[in-house]
Amino acid sequence: MNLTELLPAQWRAELTPFLDAEATARLGEFVAAEYASETVYPPVEDLFAAYRLCLPADTRVLILGQDPYHGPGQAHGLSFSVREGVRKPPSLNNVFKELAEDVNIPKPVSGDLTGWARQGVLLLNAVLTVRAGKAGSHGNKGWEAFTDATIRALNERDERIVFLLWGSYAKKKAALITNPAHAVLEAGHPSPLNRVGFLGSRPFSAANKALADGGRQLIDWDPRAAG
């Protein structure tokens, strides 16, 4: 599986300088073998959905998750998002609770965040695949270098990008963001297991303020907005 060939051309061009070709090839071999022998999420056709829906030049906000949901029918290539009709996971319920408190958007019925992605929100997981029922099972197999390359490529862009880093794992990626054009907003993880640090952090209004300060178009944070 040639991972870079599966990317949109714009992303391929921007990521290639930050990727080790041999390591990426090994990752592709691992991912192909896992899809061939195990139940892996998201479906292979959704592997790079975040990249397809949000091209580099369109990216205004990045929201970083850790790895995909590992239950049937949940993961579809966008961090924190689930397909329409799928029960919303607890972390996403907290995201929507904060959305209502922060920018007065009523809790959506659907957990599908495609509307955000189409507006320039890159919904990226640090690890892009997972075995069914085994959270973290594809960690430390090479995806981290691939998605770090994504952050490094965005860091090189001149127009402001707001990086929303939720939880200790995501916050470690702040070290990759060195360009003063960009804004880094940290908060606790939205998981209910984390009792402090996310609810009340007002990330959505803060992201739009940072975009406005950088002269960029704001995000309509209603997930039903098509962009």
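Because the structure is a prediction, the values reported are computed rather than measured.

**Quick look at helix H9 (residues 203–213)**
Here's step 1: Looking only at H9, the buried set comprises Pro203, Phe204, Ala207, Asn208, Ala210 and Leu211. Here the buried residues of H9 occupy an arc of 160° about the axis, which is enough to place them on one side. In H9, the exposed positions angled more than 90 degrees off the buried face are occupied by Lys209 and Asp213.
Here's step 2: Where H9 is buried, its residues touch strand S2 (61–65), helix H5 (90–103), helix H6 (114–117), strand S5 (162–166) and strand S6 (183–187).
Here's step 3: Where H9 terminates, the next one or two residues include glycine 215, which has phi positive at roughly 75°.

**Describing the side chain of serine 91**
Here's step 1: Relative to the assigned elements, serine 91 resides in helix H5.
Here's step 2: Judged by its relative accessible area of 13%, serine 91 is buried.
Here's step 3: Setting aside chain neighbours within four positions, we find serine 91 in contact with Phe80, His189, Pro190, Ser191 and Pro192.

**Here's the deal with the sheet that holds S6**
Here's step 1: Spatial ordering of the open sheet is given by S3-S2-S5-S6, a layout of four strands whose pairing is parallel. For this open sheet the edge positions go to strand S3 (121–125) and S6, each flanked by a neighbour on one side alone. Across the sheet, the axes of successive neighbouring strands diverge by a mean angle of 20°, strand direction being ignored.
Here's step 2: As paired elements, S2 and S3 share five bridges and run parallel to each other. Bridging across to S3, leucine 64 finds its partner in leucine 124.
Here's step 3: Sheet strands in contact with helix H7 (residues 143–155) are S2, S3 and S5, and its direction is about 150° off that of S3.

**Some points on a nonpolar patch on the surface**
Here's step 1: On the surface, Met1, Leu6 and Val44 cluster together to form a nonpolar patch covering roughly 240 Å² of accessible area.
Here's step 2: If you trace the backbone, valine 44 turns up in the loop between strand S1 (40–41) and helix H4 (49–53).

Cut-offs applied
- Residues numbered from 1 in each chain as written.
- Predicted model: local features only at pLDDT ≥ 70, side-chain atom pairs only at ≥ 80, totals over all residues.
- Heavy atoms only, no water.
- Buried < 20%, exposed > 50% of the residue type's maximum accessible area, 1.4 Å probe, protein only.
- Helix = DSSP H or I, 4+ residues; strand = E, 2+ residues; numbered from the N terminus.
- Arc of directions from axis to C-beta.
- Contact = heavy atoms within 4.5 Å.
- Pairing = 2+ DSSP bridges.
- Axes fitted to C-alpha atoms, helices over the stretch in contact; angles between N-to-C directions.
- Patch = residues over 30% accessible without salt bridge, like charges linked within 9 Å, V, L, I, M, F, W, Y side chains within 5 Å.
- Areas by Shrake-Rupley, 256 points an atom, 1.4 Å probe, with all protein chains shown as cover.
- Salt bridge = Lys/Arg side-chain N within 4 Å of Asp/Glu carboxyl O.

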